[in-house]
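Observations on the model geometry
Next come the chains, spelled out residue by residue.
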Amino acid sequence: MTAPIPLIAGNWKMNGLAAALSEAKVVAAGAGESRARVALCPPATLIERMSAALAGSPVLVGGQDCHAEASGAFTGDISAEMLADAGARLVIVGHSERRAGHGEDDAAVAAKARAALRGGLEPIVCVGETLEERKAGKALTVVTGQVKGSLPPEMAGSAFAVAYEPVWAIGSGLTPSIAEIEEVHRAIRETLVAMFGDHGAAQPILYGGSVKPANAAEILAAAEVGGALVGGASLKAADFLGIVGAV
Ligand code: 13P
């Protein structure tokens, strides 16, 4: 079984005005040599302009969330079809900031992942435990439960990624030990194989949470780590390229 192609994705979260497109262009100019697939997920307002700015480059553009429906009376929401129409190729679903801040449970995340596939987008499905859950020894149970609940059966025939993002490691400068990352990633892999067989073995499992150029090589070399989902360090092209270059 060949290992999944690594994916390094930058999640800009609610950051970035038009001027930030210059950073994306620097990423595009520097990412060509990588054996990883590289993606940037800007706020929805920049997806169309970033897609145009990066046309012909190897860097993919992604959304940060999508609604489960294709269209309708859902003020302020955006559908997978709209993201694809604007040039996106991927979409993050189930980020902990959506789960915690917008009340998204596993069923809602699964509906979004299904919508992503319907819209022709590759979903990056996020999972991860809180510090309380880790301290209580529940990290593996929580994360594998999220994987089972957040990935719909339709994923069986389509490319996707799972991102393990411990909630307590996001934006905190803290990271789990390599052994802890490997333990969770192995459990996610076992769950994916149980759910999807060989297809579940062929999709990358990303690590996310305080990934920086300084720790990227060690994290990316860990067992079953097939890339990274990068927040803060994806906002500066030099930092992001440092992570891309660590693959
Ligand atoms: P940081 O890299 O800023 O910790 O954010 C991680 C994250 O939430 C990516 O989705």
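In case you missed it, the structure is sitting above this.
Figured I'd write up the structure that's included with this text. (Residues numbered from 1 in each chain as written. Predicted model: local features only at pLDDT ≥ 70, side-chain atom pairs only at ≥ 80, totals over all residues. Heavy atoms only, no water.)

Structural notes on the site of the ligand
Around the ligand, 13 residues are found, and the nearest of them are Lys-13, His-95, Gly-171, Ser-210 and Gly-232. In this structure, Lys-13 approaches the ligand through a side-chain N or O atom, which is 2.8 Å from an oxygen atom. One of the side-chain nitrogen or oxygen atoms of Glu-165 is found 2.9 Å away from an oxygen atom of the ligand. For the ligand, the protein covers 97% of the area, taking 310 Å² as the surface of the free molecule. Classifying every residue of the shell around the ligand gives four nonpolar, seven polar and two charged. (Near = heavy atom within 4 Å. Polar contact = N/O pair within 3.5 Å; in protein donor to acceptor, adjacent residues only side chain to side chain. Areas by Shrake-Rupley, 256 points an atom, 1.4 Å probe, with all protein chains shown as cover. Nonpolar A, V, L, I, M, F, W, Y, C, P; charged D, E, K, R; others polar.)

Section: the pattern of salt bridges
Tallied over the entire structure, the rule returns 12 salt bridges. Among the ionic pairs, Lys-13 bridges to Glu-97, the shortest N-O distance being 2.9 Å. With Lys-13 in the loop between strand S1 (7–11) and helix H1 (21–30) and Glu-97 in helix H4 (residues 96–101), this pair connects stretches of sequence that are 84 residues apart. Using a relative accessible area of 38% as the deciding quantity, one classes Glu-97 as partly exposed. (Salt bridge = Lys/Arg side-chain N within 4 Å of Asp/Glu carboxyl O. Helix = DSSP H or I, 4+ residues; strand = E, 2+ residues; numbered from the N terminus. Buried < 20%, exposed > 50% of the residue type's maximum accessible area, 1.4 Å probe, protein only.)

Notes on unusual backbone geometry
The phi torsion at Lys-13 lies on the positive side, around 55°, for a residue other than glycine. Not every positive phi belongs to a glycine, and Glu-224 is a case in point at roughly 65°. On the secondary structure map, Glu-224 appears in the loop between helix H10 (213–220) and strand S8 (227–230). The exposure class assigned to Glu-224 is partly exposed, which follows from its relative accessible area of 32%.

A closer look at the sheet that holds strand S4 (residues 90–93)
Pairing in this closed barrel of eight strands is parallel, and the strands run S1-S2-S3-S4-S5-S6-S7-S8 around the ring. Sheet twist, expressed as the average angle between the axes of neighbouring strands with direction ignored, equals 25°. Strand direction decides the pairing type here: strand S7 (residues 205–208) and S8, joined by two bridges, are parallel. Residue pairing across strands places Gly-208 opposite Leu-229, the latter belonging to S8. On top of the sheet, helix H11 (residues 237–244) reaches S1, strand S2 (37–41) and S8; it is set at about 160° to S1, its chief contact. (Pairing = 2+ DSSP bridges. Axes fitted to C-alpha atoms, helices over the stretch in contact; angles between N-to-C directions. Contact = heavy atoms within 4.5 Å.)

So yeah, pure geometry; function would need other evidence.
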